[in-house]
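# Inside the fold
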Amino acid sequence: MSGKIMGYARVSSTSQNLDRQIAELEKYVSKSDIVIDKASGKDLNRCGFQALKGPLGLREGDTLIIKSLDRLSRNKSDIKGELEWFKDHHINLQILDLPTTMIQLPKGQEWIRDMINNIIIEVMSSIAEQERITIRQRQREGIDVAKAKGKHMGRPKLEKPAEWDKYYEMWKKGDITAKRVMEILDIKKTSFYKLTKES
């Protein structure tokens with residue numbers, strides 16, 4: 001294998017852990033050469049991934065190793081586009097969960113690996129996209145069920161203090177300052193101005 005070897009790991013949010021992916025990648029590449037992203041796979045607008053493709057990133061003859069295909073993206077068309085990009089730039093993409101991508105073949109026989117990989121990747125990218133669609137559908141269904149039960153989604157509505165209307169009218173007339181209203185009703189500045197917008 002010629003050229004530089006890099007690794008790429010991704011999780012969808014900052015609360016998720018990258019340790020498992022990094023441990024797997026470290027079997028093939030040093031930790032200092034692993035680029036990470038904590039961002040959704042719904043699109044390709046990720047700092048780490050874009051840096052790999054940028055002027056200081058991967059070059060012809062280099063290899064990128066990832067744990068699974070959905071680390072690139074969960075969108076089928078994006079996956080296909082990225083695979084074409086790696087192919088056009090002569091960068092070897094190896095996917096740990098697809099052992100056929102790890103096979104080293106003699107020069108001139110790479111077409112065998114490419115043929116097998118194209119079939120597998122077509123199936124895997126379809127599965128990755130379907131998982132993304134299913135997750136979004138479940139989230140939507142959960143929100144719809146919660147709304148049907150009368151649950152408020154998002155931030156709870158701000159409750160008006162008991163004497164809000166009285167002091168709000170006084171403030172509007174200029175008989176009392178906003179600061180004094182906040183002190184009397186024991187509310188914060190943000191709450192005060194939010195209530196004025198709602199009144």
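Residues numbered from 1 in each chain as written. Predicted model: local features only at pLDDT ≥ 70, side-chain atom pairs only at ≥ 80, totals over all residues. Heavy atoms only, no water.

## Considering the packing of aromatic side chains
Going by this rule: By convention, a stacked pair of Phe, Tyr or Trp rings (six-membered ring in the case of Trp) has centres within 6.5 Å and planes under 30 degrees apart, an edge-to-face pair has planes over 60 apart, and any other such pair is tilted. We call a residue buried when its accessible area falls under 20% of the maximum for its residue type, exposed when it is over 50%, and partly exposed in between, using a 1.4 Å probe and counting protein chains only. Counted as over-ring charges are cases with an Arg CZ or a Lys NZ within 6 Å of the ring centre that also lie within 35 degrees of the ring normal.
Enumeration according to the criterion identifies seven aromatic pairs in this entry. Measuring from ring centre to ring centre gives 4.8 Å for Phe 192 and Tyr 193, while their planes differ by 85°; the resulting arrangement is edge-to-face. For Phe 192, a relative accessible area of 0% gives the class buried. Residue classification places Tyr 193 among the partly exposed residues on the basis of a relative accessible area of 35%. Here a set of aromatic residues connected by ring pairs shows up, and it is made of Trp 164, Tyr 168, Trp 171, Phe 192 and Tyr 193. The ring centre of Phe 49 lies 5.4 Å from the NZ or CZ of Arg 46, which sits over that ring.

## Describing the side chain of Ser 68
The cut-off we apply is this: Segments assigned H or I by DSSP are reported as helices when at least four residues long, segments assigned E as strands when at least two residues long, and all are numbered from the N terminus. Polar contacts here mean pairs of N or O atoms no more than 3.5 Å apart (in protein, one a potential hydrogen donor and the other a potential acceptor; neighbouring residues in sequence count only if both atoms are side-chain atoms).
Structurally, Ser 68 is set in the loop between strand S3 (63–66) and helix H3 (76–88). By relative accessible area, which is 14% here, Ser 68 ends up buried. There is a polar contact of 2.7 Å between the side chain of Ser 68 and the side chain of Asp 70.

## Focus: the confidence of the model for the chain
Our working rule: Residue-level confidence of the predictor is summarised by pLDDT, bounded by 0 at the bottom and 100 at the top.
With 86% of its residues at a pLDDT of 70 or more, the chain has an overall mean of 83. Taken element by element, the predicted model of the chain shows its lowest mean pLDDT in helix H4 (residues 110–148) (72) and its highest in strand S1 (residues 5–11) (95).

## Some words on the sheet that holds S1
Strand pairing within a sheet occurs via backbone hydrogen bonds; the two strands may be parallel or antiparallel. Formally: Strand pairing is assigned whenever DSSP detects at least two bridges linking the two strands. Structural elements are reduced to axes, namely lines fitted to C-alpha atoms, with helices fitted over the stretch in contact, and the angle between N-to-C directions of any two is expressed from 0 to 180 degrees.
The sheet built from four strands is open, its strands ordered S2-S1-S3-S4 with parallel pairing. The strands lining the two open edges of the sheet, one partner per strand, are strand S2 (34–38) and strand S4 (92–95). Taken pair by pair, the neighbouring strands of this sheet meet at an average axis angle of 20°, ignoring direction. Across four bridges, the pairing between S3 and S4 is parallel. Looking across to S4, one finds that Thr 63 is bridged to Asn 92.

## Notes on the nonpolar core
As a reminder of what qualifies: By convention a nonpolar core is built from buried Ala, Val, Leu, Ile, Met, Phe, Trp, Tyr and Cys residues, the set being connected through side-chain atoms within 4.5 Å.
Ranked by internal contacts, the top residues of the largest apolar core, which has 19 residues, are Leu 52, Leu 64, Leu 72, Phe 86 and Leu 93. The dominant element in this core, judged by the number of residues it contributes, is H3, at four residues. Formed by 11 residues, the second largest nonpolar core is a distinct cluster that contains Ile 176, Ala 178, Val 181 and Met 182.

## Describing the side chain of Arg 71
Defined as follows: Any pair of residues with heavy atoms lying within 4.5 Å of one another is described as a contacting pair.
Tracing the chain through its elements places Arg 71 in the loop between S3 and H3. Apart from residues no more than four positions distant in its own chain, Arg 71 is found in contact with Tyr 8, Arg 10, Val 11, Gln 21 and Arg 46.

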